[in-house]
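If you want the building blocks of each chain, they are given just below.
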Amino acid sequence: MMSLGRFLAAFIICLMTRPLLGFEKPNVLIIGDSISINYTPIVQKILADEANVKRVPGNCRFSAYGAEHVEDWAMDEKWAVIHFNFGLWDWYGWQQGTKATPKNYRRNLERIVGHLKATGAKLIFATTTPPCPEAEGSSRVLVTPDRAKEFRDVALSVMKANGIAVNDLHGTMFPVLAKHQKAANDVHFKPSGRDLLAVEVAASIRNALNREAVAGEQRRASEPVGKILTAAEKTRFLQSAVHGGDGPQSRAAGYDEQIAPLLKQNCYRCHNEETHQGDIRLDNLMADLARERELWDKIEEQIATNEMPPEKPFLSEDQRVKIIDWISAQKDNVDWSAYRQPGHVTLPMLNRNEYENTVRALFNEKHFQDDDTHFDFAKTLSDDGVGDTGFGSDRDSPSLAMTSARMEKYVRITEDVLDYYLYTDESITYQAEAEEMKATTAVLTPTENGVMIKANRDSLYTRWQYPRTGWYLINVKAWGERIDNRACAEMVIYLDREEVGQVRLLATRAQPGNYRCLVWIEKGYHTLRFRPQRSGMTQEESLLPVPPPFPDKPVIADFNDLGLGTGVYMCMDKMAIRGPLTKLPQDFNRNEHYREGLTGPPARSVITQQNTPAVERDNDLAWEKQTGLTINREVSHEEVPSHYTDVWVLPLVKTDFSEPPPVAKLIVAEGEGSSAARQVISRFGKRAFRRPVNAEDIDFFLKFYKAEVATGAGHRAGLKAALFAIMISPDFFYRIPQTSTATRERRLDSFEMASRLSYFLWNSMPDEELFRLAEAGKLTDPDVIDGQVIRMLQTAQGKRMAGLFAREWLGYRELGVTIKPDDTLFKNTYYARNVESLFKNETAAFVNHIFAKNRPLEELITADYVFWNKELAQYYGEASEVSEILAASIHGSPEVKIAVANGTYTLQLLLYEGWISRSAEIVIEGKTIRKAYDQLKEQGGTFRYGSVLRHTLTVTDGNIEIEVKSNNDPNTHIGGLILSKPPSRDSTDAGSERKHQVSDGLRPAQILDNESDLDLEGVIKAINFGQTKDVQIGDVRFVAAAANSTVDAVTNKAAGDVYSGEYAQKIPQVTVGPLPETNDDLSKVQLSVNSSRGGLLGMGSILTVTSHPTRTSAVDRGLWVYEKLFGKHLPDPPIVPALDEGTGEAGASRTFREVLEKHRADRQCASCHNKIDPIGFGLENFDPIGRWRNIDGGKSIDATGVLPDGGTFNGPRELKQNLVKNKADFYRNMAQTVLTYALGRKLEFYDRPEVDKIVKQLIATDGHSHELFKMVARSYPFTHASSTKFVEESK
Amino acid sequence: MKQTRRTMLRGLGGAVIGLPALECFGEVTDKTQAPVRFGAMFMPNGVNPPDWVPKGVGEDFELSPILSPLKDHHSNITVVSNLMNETPSSDHIKLTSAFLCGQNHVGQKSEASIDHLIAQKIGGSSRVPHLRLGTEPPRAQGYLTCSNVSWNEDNVLLAPELNPRVAFDRMFRDFNSPEVRRKALSQRSILDAVLDRSRSLSKDLSSYDKGKMDQYFSSIRELEERLDKIITPPARVAGGWTPSLSANSTMKLRPPEEVPDNAEVYMDALIDIMILGMWTDTTRVATLMMGHGLSRKNFSFLDGVNNDHHVTSHHRNDPQLLREYQIISRWHVQRLQRMMDKMAVIDEGGRSLLDNTLMLFGAGMSQGNTHSGVNIPILLAGKAGGGMKTGRHIQAAQNTQHSNFLLSVLQQMGVERDRFGMSTSTVDLS
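Residues numbered from 1 in each chain as written. Chains lettered and ligands numbered in written order. Predicted model: local features only at pLDDT ≥ 70, side-chain atom pairs only at ≥ 80, totals over all residues. Heavy atoms only, no water.

1. Re the packing of aromatic side chains
Logical step 1: Throughout the structure, instances matching the rule amount to 52 aromatic pairs over all chains.
Logical step 2: The interplanar angle of 70° and the centroid separation of 5.3 Å between the aromatic rings of Phe84(A) and Phe125(A) together place this pair among those described as edge-to-face. In this pair, Phe84(A) is assigned in strand 3 (residues 81–84) and Phe125(A) in strand 4 (residues 122–126), connecting sequence segments 41 residues apart.
Logical step 3: For Phe125(A), a relative accessible area of 1% gives the class buried.
Logical step 4: Ring centres of Phe805(A) and Tyr1237(A) lie 4.9 Å apart, and the angle between their planes is 90°; on these two criteria the pair is classed as edge-to-face. Remark: Tyr1237(A) occurs in helix 37 (residues 1223–1239) and Phe805(A) occurs in helix 26 (residues 796–810); sequence separation between them is 432 residues. Here Phe805(A) matches Tyr1237(A) in class, with each residue buried.
Logical step 5: By the ring-pair criterion, three or more aromatic residues cluster together here, those being Tyr355(A), Tyr410(A), Phe732(A), Phe733(A), Tyr734(A), Tyr216(B) and Phe217(B).
Logical step 6: Lying over the aromatic face of Phe771(A), Lys686(A) brings its terminal NZ or CZ to 5.4 Å of the ring centre. (Phe/Tyr/Trp six-rings, centres within 6.5 Å; stacked < 30°, edge-to-face > 60°. Helix = DSSP H or I, 4+ residues; strand = E, 2+ residues; numbered from the N terminus. Buried < 20%, exposed > 50% of the residue type's maximum accessible area, 1.4 Å probe, protein only. Lys NZ or Arg CZ within 6 Å of the ring centre and 35° of its normal.)

2. Considerations on the sheet that holds strand 3 of chain A
Residue and element names in this part refer to chain A.
Logical step 1: Overall, parallel pairing links the five strands, which are arranged 2-1-3-4-5 in an open sheet. This sheet does not close on itself; its edge strands, each paired only once, are strand 2 (52–55) and strand 5 (165–167). Between one strand axis and the next, the sheet turns by 25° as a mean value, whatever way the strands run.
Logical step 2: Of the strand pairs in this sheet, strand 4 and strand 5 are connected by three bridges, and their pairing is parallel. (Pairing = 2+ DSSP bridges. Axes fitted to C-alpha atoms, helices over the stretch in contact; angles between N-to-C directions.)

3. As for helix 39 (residues 1265–1274) of chain A
Logical step 1: In terms of burial, helix 39 of chain A is a largely internal element, nine of the 10 residues being buried.
Logical step 2: Turning to helix 39 of chain A, its buried residues number three or more, namely Ser1265(A), His1266(A), Glu1267(A), Leu1268(A), Phe1269(A), Lys1270(A), Met1271(A), Val1272(A) and Ala1273(A).

4. Remarks on the packing of helix 19 (residues 674–689) of chain A against helix 20 (residues 695–710) of chain A
Residue and element names in this part refer to chain A.
Logical step 1: Interaxial distance between helix 19 and helix 20 falls to 10 Å at its minimum, and their mutual angle equals 125°. The angle between the axes of helix 19 and helix 20 places the two elements in the oblique class. Note on packing geometry: the crossing formed by helix 19 with helix 20 is right-handed. Contact with helix 19, carried on its side by Ser674, Ala677, Arg678, Ile681, Ser682 and Phe689, involves Ile698, Asp699, Phe701, Leu702, Tyr705 and Lys706 of helix 20 and no other residues of that element.
Logical step 2: A per-class count over the contact of helix 19 with helix 20 returns seven nonpolar, two polar and three charged. (Parallel < 35°, antiparallel > 145°, perpendicular 65-115°, else oblique. Left-handed = near helix turned anticlockwise from the far one by under 90°. Contact = heavy atoms within 4.5 Å. Nonpolar A, V, L, I, M, F, W, Y, C, P; charged D, E, K, R; others polar.)

5. Here's the deal with the confidence of the model for chain B
Residue and element names in this part refer to chain B.
Logical step 1: Summarising the model, chain B shows a mean pLDDT of 85, and 90% of its residues fall at 70 or more.
Logical step 2: Note that residues 1–28 has pLDDT below 50 and, in this model, 33 contacts with residues that lie over four places away or in other chains.
Logical step 3: Taken together, the chains of this predicted complex give a pTM of 0.67 and an interface ipTM of 0.76. (pLDDT = per-residue confidence, 0-100.)

So this is what it looks like as structure tokens:
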């Protein structure tokens, strides 16, 4: 038999009616529903040499939909012929219900025809292929021949009226319907029918093209195909098409012999014409791995995971392997490159991150670090969600869209940014004499050089407009009036309602002080307020000379004579403010950050206004005695040291005193006037639009400059208007394709490549080097691309990208935002240590290391190093089991009640009894467990820091009472308490010295003098009571926490200190390298070989985000590994069956693992949970906040598991080794993930050849990260673009 | 390439579209009466229906445990039960996006949401035609669609503002000074010119890209409308209604810069902004996402709760989880109660702000355990200016399309539609 391919070639040549060479192929558009989706590829092949046949992407659906969209579909290009059909959807009323009437159909067709005629193309209307004889499967609608005819007549009359040719596909198919239709309830066709239609469509298109080409030739467009094809050719073609040949659309080898029988035996029973369960039919497979790719992927997955068949008879293992191997071999045989397309990213718009980075880079290339400018984009711009970095299909996501709310924010940011950068070297100065300032009191007390106002009552203020945001410097000339050195006036400076600075006025009338304060002021109107308040003085300050009496006024004893009452006063002469500063003042110590203690001299309680002189004196004497200092009671005229009179007021607001930004480079040294503006616009425009700007662009933006300058505004105001216009232009927000008229794939030019690379690897605009290479046209050279990729990965911007990439890919962006560990349970650990940001930094630093340093990708899982600082090292180093945090005091003679469930317990008390001999009687549940004793004597004179008292008891009243009767010795206390379930196996544990006996009553207590004898099996509660410092006993570590709080839950007779604490287990040594000694940047720490920590799976970020607030989730963790690291997906869980069984029992009696085991016993659940739960079990040694633990819920962690591939493991380390055994899957996921990120769109089947290529390369090169990034940047979809989407879609 | 009719309409119609809306609005409102406002509050993760559905039908109904905080508002609410959102079985994501649209947006275009449609009808003259607030950033990856209930006609997700300060400033702060007016004028002229230039950029784009560029055009035009309101504030009609609180007097209530840590403080801050917006007539339509559709918000700050919201919603009939689920659901209703308490005492000339408002409160999903759209929790609060007969439990027929109800709400708010989403009929609310 002749192959289809050869046949088609012959077919085309023999029918060629005009020379093809030297002509540009005409464009042909096919518009239609799923019927045309199916036949179009064949038509394309038939007409491959004579026309560019295209189809509207997707399904054109019903006529009303067509009428709405046809203009879009047809307007992109010049079409020679448009072949269109509407009808099936109208008959069946899919998605439009009762609106589908012949009347509407007519109206819509008329509209469609109207639009299409306007294109000037030759039009062919195809009649709708016949309805299926039975009710249609999805809609359950039966279309009668009468209804079909009614519509058909409508269509024919519209076409006739408009003189449009008709291709009667209905007529073609009607006589042979039974043979070609897929099923009696399916309007679609088998491949044979599809091919028949394709031949007809191709013939009618060719006919129309010929008519157009051959002027004056009079042939009917709808001339039957038989007139064009010879009868013999037609028969041969149809035979070939119906029976299949060995061309590209053929059945895969071995299907009929090997695979079909197996499917028939095992699958057809559910997936046949009648039942087609899950909407899948397998009895009519074409066995074409390319065209049926989704179906075959599904078959492969279901069989590989043993999910199908769900009931007996099952496939044997041999059969499964046979099918899977066959599918995999056949897939490899497919020439996927035939399907390769660049894909289309709908008009890429800068997301929030990119916008922010681009704006920063635009003004100053070096200022890409987030902290370097004071614009907080994060607060202003909303989170884009997935749009943040470009994962998945988010470029097309509905969230990354321009809305007016978003535009409003852009406008505001643009205003602010321009003010900030354009004007930073232009400062303003305001000044005011105190008398001119507004005051909160009507009566100001004038002095010879200023006004005097009373502390704690009045204030002076000014309200000015600050034109720009930045650092402002306030100078105040002022001093204080006071009667002695016990209290003085303290000036508080407010910006609006916020206290920004505070200083004690120790300068005097004779030597007024100059007080300077740096304040960050946002542009706009603000009130600066100076308010004195009464303050104590430090010991040092109290030694200063007391100011001389107020001239001409009765001396102080008090100020009553001034009519002011007693008190302290601020006198202000004048003030000035200047800014924004271009540099911080030289003598300002920027390292001396915000000092909280500034306001707080040791309070001298003696300072009260009510005190009589006698009391004052006594107090002074007492103070002198206490401090050993002498109060200076002499009225002195000594000079006040200058560090009291020339003072930097350190802001009270926590601030980073970063230097102001340099003035934007583009403004400097350009001169003024139109020609200077033209230069600025040209340079700025090129960078903002990331492409050269033409004269037209420049003229356009220059208009704004001129208009503004014409109003009398200055050069910069003019520039601001022009740059504002640039920054709100679409060219800035969007990456607009420059040569978009080409609809086929095209290679990106050098400038487009510069942007693609920079937004891929930096989330920002290209830098100078990229621009330079783009200008030289070098960015299409793969070697140059390679070089740039490596350079870019190793820059700070590359590091920033790694952090963002990791956050999105690994999904920990929600940590601390929507996902938060329980803040009661983890108050003293997770929250006290503020590890959240450290976690994120750790993962970012690690991923950056892998990327920048060209590490093998598998180290993401298996790395034997980590990035820690001191704090993180400590956190992980003492990784711990969280106990319930209680608080209690056992100082003195306390009585403690601990609420517990009834049952039998082992109670171990840790006795911490100071450094001298103690004695106390310990009573538990009313019975004396230990009598007072002389510890030194009992322990042979060698005191060990603690000893342990252990006994077993049964609780019946819901609590345990412990009483310590100390014999007037206030220092006896119980240091801690460990409550555990006595292990039942102990009775057979003959080797153990410890005797745990389950008993109803009280047993004589054991007193162990060795703390390492502590029994740590089955611990339920562990409380550190009395220690203010951390205590280590054997492998147990008690971490002390808050002190001096009272807790209702505990009855505490003694008024001792109250502590809360927690119990921590020591974990084995994890590192071999030195631990970081500072909390500065994270540094690389080498782990020991036995460590479980390394890699992503040992990181707090991942472990916490995959946990629930109060506990771990093996399911979530397993799913995370499965999806994020291996790119596999599980079907959504079915409606969750109510798991009634077993929930009545007390939760503590079973581990969560046991609950899950039960879950997995359900076969429906098991198919998925068997894949993910074991992975999660392997990570159970990590608690919900990422710390190590050996026990959970009173039981030892069982971290063993069996993976679906049979690999077994115990604990995280072995789990990780197992995971990286499957490198190909891991590399494939990495390739897909990075390629997705790079493209900013979902990957499609047509990307497969590229992914395959990358995976192959990674396997060949041991998966080093640079290979991955280079391959992606060189890849076909990355270097090409298309302006059209090709998405295949069936109804 | 030719300029098509559609782009012409979209390209040039902005100003034309803007103006008639005002006139049209003038026709339907008695200017001496306070306007009717609309609010929507979305509660994530559904509820346990037996704990929500009131006992008894009609006016004689008994509040359920979840609804118990509304006991003082018995006469101000209308509970509607037996609504089915789209299909019997679905998921968090679809049911969230269908909450105000009647049809989900997962991979398909659906109706614009009713809050957006109502804002187009009644929001025109207010400073912020549609205020949208939320407490959680959008979910990552494939879950984006559940982060949002508001959509426009072009299938664009209308994201909520999460920062109370930013939302507040947008409502109240930027309208005050002559400086702002001067700037608005200059921005207006630049925007106009840039818009003109942009049209020429659009002409070479493919149709997909054009659609996206159209978003840019509309956003610029909407912004211009906003600037117009700053440049020429809409004049109050003499003798006409004025709000009992002026927008300028709200400045002392400006929220702090940082988003509150405490979930309750945060939510109430957003609710207060909604109230202020409506009270001062700065906005007439407000939507609040109390969480996104898959919210894992940790509610262990509530007594008796140890789990996050999503976990409790998948309660597996575990009595403990059910208890926690109920407590969390009730907490959401308490937020509404607090809001109603405040609105009920704001007098607008004989009627309270609450009387003049229609609040739609509820969830798109019945309960997490079944991911079901059957019998979703829905209640209306307020009398919509007198048009609503409240104090009732309307029990619709089993599996009544939620779209029917949404259509009735649209009609109640004066939007002329006879079909919406999957509607087959309406639900009688009058």
